[in-house]
Amino acid sequence: MKTYESANLRNVAVVGHSHSGKTSLTSALLYTAGATTRLGRVDDGSAMTSWDEEEIARQMSITATPAFCEWDKCKINLIDTPGFNMFLHEAKAALIPAEAALLVVDGVSGVEAMTARVWEYAAEMEMPRIIVVNRMDRDRADKDRALESLRNAFGRQVVPVFLPIGTERNLTGVVDLVTMKAYTYSMGGNGKGKEGPIPAELAEEAKQAHEALVELVAEGKDELMEEFFEKGTIPEDHLITALHEAIREDRIFPVLFASGLGNIATDHVLDFLTTYAPTAAERPAVKLAAVHEAAASGNGASSNGGSSKAEGLKVSDSGPLALYVFKTISDPFAGHISFFKVFSGVVKNDATLHNFTRNTAEKFSHLSIMQGKTATPVAELHAGDIGAVAKLKGTLTGDSLGDKAKPIQFPGVIFPEPAITFAIEPKTRADEDKLANGLHKLMEEDQMVRFFRDGQTKEFLIAGTGQQHIEVIVSKLKKRYHTEVVLKAPKVPYRETIRGRADAHGRHKKQSGGHGQFGDCKIKMEPMQRGTGFEFVNDIFGGSIPKNFIPAVEKGIVEAAERGYLAGYPVVDFKVILYAGSYHEVDSNEISFKMAGRLAFRQAMEQAKPTLLEPIMQVEISIPDEFAGSIMGDLNSRRGRIQGMDNKGGTTVVKAEVPMAEMLSYGADLTSMTQGRGSFSMEMAHYDIVPAALQDKIIAAAKAERGEMVEVEE
Ligand SMILES: Nc1nc2c(ncn2[C@@H]2O[C@H](COP(=O)(O)OP(=O)(O)O)[C@@H](O)[C@H]2O)c(=O)[nH]1
Ligand SMILES: [Mg+2]
């Protein structure tokens, strides 16, 4: 297998809304370039970048999948990504090893909710964006409408560089607006166009579109502008160079037209990528995590720590070896595979690298490049390339590896907070043993899965990005690890607190022949600020309770507080001041003072206006603008407090605080309210008092449920 230098590498993340045809277009590009002998199809499970059994079963991409092809002496690495809202973090992570985003938009629907979201991701990274309006062969495909929606969402820098010839089922090809030549194709053919003149009926439109393109390219470039005004046009080679530069600098977002399924214009999309997409070498210096920045730049030759920081890491074979792991597969069949980008240096087969994130050594045997699920061994990979390696011992997504003597650390990925949580229970005893092991394996490849035990409710919880995400995990547990589970809504971890002050007396006295028991204490109780927990103040002077029994009083109070007063939920955010008491020379002991503390606590609670607290979630919801009104109304009915609203490119983002109890099935509810076009995330914010009207219901339900646990007074 050949290797490629960074100037001949193009790394492109194929991103966009779900169903815009990303996987089909990727298949067509691979087929046209000769990387596959058959045009793979999503619908029959033969698409190269959609091989995972969960993806085939659902006919949708769930995870980012790299593939590659050779075109015009360049290796184009294509990373196909999911476009479904709850898997969109995979698309975000796939942008890191790429130099350009190929944003795929459906020719019928134009810009959709996730189109706007991935655009934002790319914009945050200042990544060049090349747009393909795909599925132009569909009924009701409309290039003008698609362009208008793109311009509305992303501005006037969006400019066509192709024009489609024909439309819907009569789509036959494209006009290249740079070279002003036309290319025609046969539907479902080999993707190689036949060059010809621009059809007469398109001549005028093509001329205007060409001029609009030239004008936009020349904008802000005085020499080009002058050339354009003098000659009325710009020579083709100048235009090509200037367009390449404008794309690289995010001044122009070119729009291409194609049909992936019909394999129309795919050779031209490939041409466009090799001619205009930034090369791996053109990537701006990569930012590094602060600690190692100075060490990484300039091979340590730079004496000026300050300026080397700003330089970051250049993509170059001669720099220090620096790899970044952007994806991990871990399953019983494929084993453990790490996908990485070589940001700098040349990695060789059988090399031993250092994992700087985990401070471990890793041997790179079987260095390879992946075409979907097929690995091809390679001897080395140059700076800028993407590769894979099997069987690393302890490397996970987000890790940085390189030469131990030249430490490099890339900034970690920031994953979104999980949106939904379920209580997870094994179906049988046999499943119980396998559950944690299976889940921990799954967590190696999917960092959005969280698995933990709630300290208060004692339930095992699984959290993920949404309903379908959890379903995929449950399905993988069953198929890969033969473990069956039951999911339930998690219990709400309510708490209790006080709103008033109290002064109480706990006296424990028993005389039962021989040794008696005697403990006696007086306490004051007062509320504390939310989130402060518990404070115990010893205010005993003069030894009315001997020192060694004071911790027993505290222990009695703490234990009683854990068991709750109103409904069995832990009591928090209160202060106890122990200020008086008495003891007996013979009968006093630790147990007696513990009992006295507990009695004092319960008496104090009676007076201190006890109340229930509930967890409040910080929720962020993204929806297409048209749903904003109904989503806000719904949040009100869930006792939500709206904190802010923001809209960008047709998407409204609502921030609100909502009680957890009202959010238990929000994943499914949001899907049905927005036809699957909304997404949300939430995390615990704080605890707040439960409205009086709801308290009695919760207390009654809790008592009924844990009837056997309600404390019986001795
Ligand atoms: N008519 C038409 N259908 C397409 C085209 N590309 C994809 N499709 C169909 O659209 C659906 C979604 O395609 P897919 O590639 O999975 O989209 P993705 O979710 O963006 O990866 C599938 O049923 C494809 O067969 C196209 O160019 N024309
Ligand atoms: Mg797909």
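Residues numbered from 1 in each chain as written. Chains lettered and ligands numbered in written order. Predicted model: local features only at pLDDT ≥ 70, side-chain atom pairs only at ≥ 80, totals over all residues. Heavy atoms only, no water.

Draft legend 1. Focus on the packing of aromatic side chains. Summed over the entire model, instances satisfying the criterion amount to 16 aromatic pairs. Here the aromatic rings of Phe 272 and Tyr 276 are separated by 4.5 Å at their centres, their planes lie at 35°, and the arrangement is tilted. Of this pair, Phe 272 and Tyr 276 are both found in helix 9 (residues 266-276), 4 residues apart, which corresponds to roughly one turn of the helix. Among the aromatic residues, those joined into a cluster by ring pairs are Trp 119, Phe 154 and Phe 253. (Phe/Tyr/Trp six-rings, centres within 6.5 Å; stacked < 30°, edge-to-face > 60°. Helix = DSSP H or I, 4+ residues; strand = E, 2+ residues; numbered from the N terminus.)

Draft legend 2. The arrangement of the sheet that holds strand 2 (residues 65-71) in detail. If you trace the 7 strands from one edge of the open sheet to the other, you get 2-3-1-4-5-11-6, paired in mixed fashion. Only two strands of the sheet have a single partner each, and these edge strands are strand 2 and strand 6 (158-160). Across the sheet, the mean angle separating the axes of adjacent strands is 30° when strand polarity is ignored. Against the sheet, helix 5 (residues 143-154) contacts strand 4 (100-106), strand 5 (129-134), strand 6 and strand 11 (253-257), and its axis sits at roughly 155° relative to strand 6. (Pairing = 2+ DSSP bridges. Axes fitted to C-alpha atoms, helices over the stretch in contact; angles between N-to-C directions. Contact = heavy atoms within 4.5 Å.)

Draft legend 3. Quick peek at the pattern of salt bridges. Summed over the entire model, instances satisfying the criterion amount to 39 salt bridges. The salt bridge involving Asp 106 is made with Arg 135; its shortest N-O contact spans 3.2 Å. In this pair, Asp 106 sits in strand 4 while Arg 135 sits in the loop between strand 5 and helix 5, placing the two residues 29 residues apart along the sequence. When its relative accessible area of 2% is taken as the criterion, Asp 106 is described as buried. Note on Arg 135: relative accessible area 22%, which makes it partly exposed. Where salt bridges share partners, they join Asp 52, Asp 331, Glu 445, Lys 476 and Arg 480 into one cluster. (Salt bridge = Lys/Arg side-chain N within 4 Å of Asp/Glu carboxyl O. Buried < 20%, exposed > 50% of the residue type's maximum accessible area, 1.4 Å probe, protein only.)

Draft legend 4. Up close: the coordination of the magnesium ion (ligand 2). The protein atoms that coordinate the magnesium ion (ligand 2) are Thr 23 (OG1) and Ser 61 (OG), at distances of 2.0 to 2.1 Å. In this pair, Thr 23 is assigned in helix 1 (residues 22-32) and Ser 61 in the loop between helix 2 (53-58) and strand 2, connecting sequence segments 38 residues apart. Judged by its relative accessible area of 10%, Ser 61 falls in the buried class. (Donors = N, O, S within 2.8 Å, 3.2 Å for Na, K, Ca; no water.)

Draft legend 5. Region of interest: the environment of Gly 597. Secondary-structure assignment places Gly 597 in helix 15 (residues 590-607). Overall, the relative accessible area of 0% leaves Gly 597 in the buried class. Taking C-alpha positions, Gly 597 is 8.5 Å from Lys 522, a pair spaced 75 residues apart along the chain. Residues contacting Gly 597, with those up to four places away along its chain left out, are Cys 521, Val 553, Gly 556 and Ile 557.

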